[in-house]
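Descriptive structure summary
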Amino acid sequence: MIKFDRFVLSNGLKVLVHQDNSTPMAVVNVLYDVGARDEDASRTGFAHLFEHLMFGGSVNIPVYDEPLQVAGGENNAYTTNDLTNYYCQLPAENLETAFWLESDRMLSLAFSDKSLDVQRKVVSEEFKEHYLNKPYGDAWMHMRELVYTQHPYRWMTIGRELSHIENARLEDVKRFFFKHYTPVNAILVVAGNVYTDHVRHLAEKWFGDIPPGIKYTRNLPPEPEQTRDRRKTVEAAVPLDAFYKTWHMCSRTDDRYYAVDLITDMLGGGASSRLYQRLVKEKQLFSNIDCYHFGSLDPGMVVVEGKLVKGVSIEAAETAVEEELEQIKQHPVDERELEKVKNKTESIMAFEDMSVMNRAGSLAFYELLGDAQEMNTELEKYRKVTAVEIQEECRRLFRTGNSNTLYYLAGKESSTQQTQTK
Amino acid sequence: MSQTILNRKQPPRIKDAVEFELQLKACDVYTLDNGVQVWAINAGAEEVIQVEWVFYAGNSYEEKDGIAAAASFLIKNGTSLKTAFEVNETFDYYGAYLNRNCYNETANLVFHGLTKHLESLMPMVQELLTDARFPEEELAIYQQNMKQRLAVNLKKCDVVANRLIDEYLYGKAHPYGKNHTVETYDGLDIQSIREFYSRYYQQGHVKIFVAGYLPSNLYEILNRYFGQLPFRATPEAEPQHPRTPATPKKQRVINDANGVQGAIRLARPFINRHHPDFQGAQVLNTLLGGFFGSRLMDNIREDKGYTYGIYSFLQNHLQDSAWVVSTEAGREVCEATIREVYLEMKKLREGTIPEDELMMVKNYLIGTILGDLDGPFQIIGRWKNLVLNGLTKSYFEESVRTIKQISGKELTELANRYLVEEDFYELVVV
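Computed from a predicted structure; not experimentally measured.

**Quick look at the overall build of chain B**
A count of helical and extended segments in chain B gives 15 helices and 11 strands. Taking 2.2 N^0.38 as the reference for a compact globule, 430 residues should give roughly 22 Å; the C-alpha atoms of chain B span a radius of gyration of 24 Å, in line with that estimate. Expressed along its principal axes, the backbone C-alpha trace of chain B runs to roughly 70 × 65 × 40 Å. For chain B, the proportion of its 430 residues judged to be buried stands at 45%. By sequence separation, contacts in chain B at least 24 residues apart represent 80% of the contacts at least 6 residues apart.

In structure tokens, the structure reads:
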């Protein structure tokens, strides 16, 4: 049970306080309700580039990192398709330093040309390191474009192409900042060796006079229901054929989410999972195989991906995957298997909650979903899922017409591709 | 509330992190009936537990390449009573994990799970340590899948660079410098693996490290399942492996003609933890490239934008070590990056280290240790590091003292001793 206090400043900033006096540290977590899905299709990668710029100095403080390090703190941030999250941890005695730094960059950035210029290059190198210069690094770029025809999940957080980042201008940066980085669009969580009254005082003092901004209303084109299976084949200079298949799933806030999460664990969560046991160990068609999902806030994807054993035809591998899915659609899972994946979920949650930093991040995330209190009822929701619901959900997920398949084949060319719709 | 206008240019007062008292929480030490030692940290609010068995069964002990790693991987893949699937299912059913890793001197098994399930699962771990079967067909799958994984990894410039720099530093015959190849996997045989298991696991030397929310009968559980087994009282003497470093020191490798980045590694042989310079060098390393505010990051990422990240570190080996600078940079700026790294080393040798920069590094380091002493797994990790390196708690206290007290002048001396361009191997893999 994670306890917390909650209050809202007059400018709309939500503040959550989670007290844990067993640690000497404090964590300050600021979540902004903006992610790559909120980008313009011609300026992708912007939310993430922007995250980098948040460290390039704010209106009154030339650099963010240095004073934090002087106070014995460290920090980082991440951007997803849905949200952007900043967090720092420092000795609790120096908590106010974090308030000073975080509030100033919510007030306004320095908007320096130098910072933009350097971070464009840094992000370009990040793009190359993770997506261009790695075997299979661009697989998800292909897959996202196949799966989403309308919704901005079409592109990765890093962006659709390097040129979008290279062409970012300071005016774009400013517009983005004043639209999204405002108190009404943010959630502040303070956790660790802290007291609510003190946090309230610091929050009023440092964040209280920041103009509220305008609540951003998200109006994204929903992805139309897919009715025909789509497939794509890519050939690249990789050593092994790889198989990727996805199915549209419900959103993170849907009641059916819990069944989907458990299904992916039964299929691909670890060494006793169905796909691993049947296709890696018994049939030896894949050298590795995983099943997981993107628990995104708008409807996401369930994924099966794996690398094929050399000599196995990708069609045969796909057929074998389909047979396993047919099994789980046709025969209800037994209680023991269901219990197994529920136990795993319970265990993962307990391990995640060990660190104050994780607890702070989770509180912010659940508050974004609607109510941080939901964090404490999550396990119960998993416990309630029945074998019947699992079967119904499998039939819904793995239905004809709902899938997208990517064959990523070992070829000589560095990148040729063909697309076909079946 | 006061009505005075907030001066946002004025930083809040801070307590300098160097003023914090850092205490490494005391560890309980038990000895089981057979002499096996257990180190235990009871802490944390969540009802979870970690148990780690550290065997002296790393690749330093193998007579044929790849045997130690194969034994470590396959130990979980079947006993005379259970198939690999049944073993995995046993842990998975309780939401628990049993991972295994093979290092140079040691190889471990690490259990993570909810404390309430500990007692149900220890018999399974005992079975693996007494009765692993190493089926032929499991080895065949392992060989096939590891070769496939290797083929993918060898396409990555960073992986190739990590392999090569260790070969240059230690030589291919040294445990720290050898890398698995297709031939390594093809050469594996079940007999050697079983013999290795028998000698270094069943009858080997083990140390046990436990942390988390501990049950009151922990000692009794461990003693029942691990205190009666025929382990050795001390590790076997480690075979000697002389270093055979490579010449020349400067290497450029093209792994992918179309690559858009190069993996850069600059590395010099270095002393181990027992040398009096080691702790000071860790402070100097932090300043050079050990954290986000380091000189390398500041110059090469935050000023020039050549890379997404650049770090330096001291390798964490028990015997010899190395001081390494590591980054992936744009292909066309690799040589410029290397020049800047040497320039930063030169500045550390020839310039004075500003007081405020030194204070920032010290505060950062103390703050990090303070945060790191927080969780039970982190605390036991520090204890394990001390125990395996043959050090005591006073080493931890000494390292905190070094961070708090070391002067800029002492760091400059260390830079002149160790950050010397000619001593570094230099590698770029595109």
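**Points about the packing of helix 1 (residues 67–74) of chain B against helix 4 (residues 136–153) of chain B**
All names here are of chain B. Contact geometry for helix 1 and helix 4: axes closest at 11 Å, N-to-C directions at 115°. Relative to helix 4, helix 1 is oriented so that their crossing is right-handed. Between helix 1 and helix 4, the residues in contact are A70, F73 and L74 and E138, L139 and Y142, respectively. Residue classes in the contact of helix 1 with helix 4 are distributed as five nonpolar, no polar and one charged.

**Quick word on the domain arrangement of chain A**
All names here are of chain A. Here chain A is partitioned into domain 1 (5–207) and domain 2 (230–421). One C-alpha centre belongs to domain 1, the other to domain 2, and the line joining them spans 28 Å. If you look at the interface, domain 1 gives 31 residues, while domain 2 gives 24 residues. Those elements giving two or more residues to the side of domain 1 that touches domain 2 turn out to be strand 2 (14–19), strand 3 (25–32), strand 5 (84–91), helix 5 (139–147) and strand 6 (186–192). Per element, the largest residue contribution to the side of domain 1 that touches domain 2 is five residues, and it comes from helix 5.

**Observations regarding helix 1 of chain B**
With respect to burial, helix 1 of chain B is a largely interior element, seven of its eight residues being buried. Among all positions of helix 1 of chain B, only I67(B), A68(B), A69(B), A70(B), A71(B), S72(B) and L74(B) are buried.

**A look at the interface of chain B and chain A**
In this assembly, 62 residues from chain B lie in contact with 61 residues from chain A. Elements supplying a minimum of two residues to the side of chain B that touches chain A: helix 2 (84–93), strand 5 (107–114), helix 4, strand 9 (307–314), strand 10 (321–330) and helix 12 (355–372) of chain B. For the side of chain B that touches chain A, the per-class residue count stands at 27 nonpolar, 20 polar and 15 charged.

**Focus: the environment of F226(B)**
If you trace the backbone, F226(B) turns up in helix 8 (residues 218–226). Sequence spacing of F226(B) and M122(B) is 104 residues, and the spatial spacing of their C-alpha atoms is 8.9 Å.

**Some remarks on the sheet that holds strand 6 of chain A**
All names here are of chain A. Spatial ordering of the open sheet is given by 1-2-6-3-5-4, a layout of six strands whose pairing is mixed. Only two strands of the sheet have a single neighbouring strand rather than two, namely strand 1 (5–8) and strand 4 (74–79). Ignoring strand direction, the axes of neighbouring strands in this sheet form an average angle of 15°. The pairing of strand 1 with strand 2 spans four bridges and is antiparallel. Bridging from a neighbouring strand, R6 pairs with L16 of strand 2.

**A look at the environment of Q226(A)**
All names here are of chain A. The residue Q226 is located in the loop between helix 8 (196–207) and strand 7 (230–236) in this model. Separated by 79 residues in the primary sequence, Q226 and V147 place their C-alpha atoms 8.7 Å from one another. Setting aside residues no more than four positions away along its own chain, Q226 makes contact with H248, G401 and N402.

Basis of the calculations
- Residues numbered from 1 in each chain as written.
- Chains lettered and ligands numbered in written order.
- Predicted model: local features only at pLDDT ≥ 70, side-chain atom pairs only at ≥ 80, totals over all residues.
- Helix = DSSP H or I, 4+ residues; strand = E, 2+ residues; numbered from the N terminus.
- Rg over C-alpha atoms; globule rule 2.2 N^0.38 Å.
- Buried ≥ 20, exposed ≤ 12 C-beta atoms within 10 Å, placed from the backbone.
- Contact = placed C-beta atoms within 7 Å.
- Axes fitted to C-alpha atoms, helices over the stretch in contact; angles between N-to-C directions.
- Left-handed = near helix turned anticlockwise from the far one by under 90°.
- Nonpolar A, V, L, I, M, F, W, Y, C, P; charged D, E, K, R; others polar.
- Domains from an automatic or database assignment.
- Pairing = 2+ DSSP bridges.

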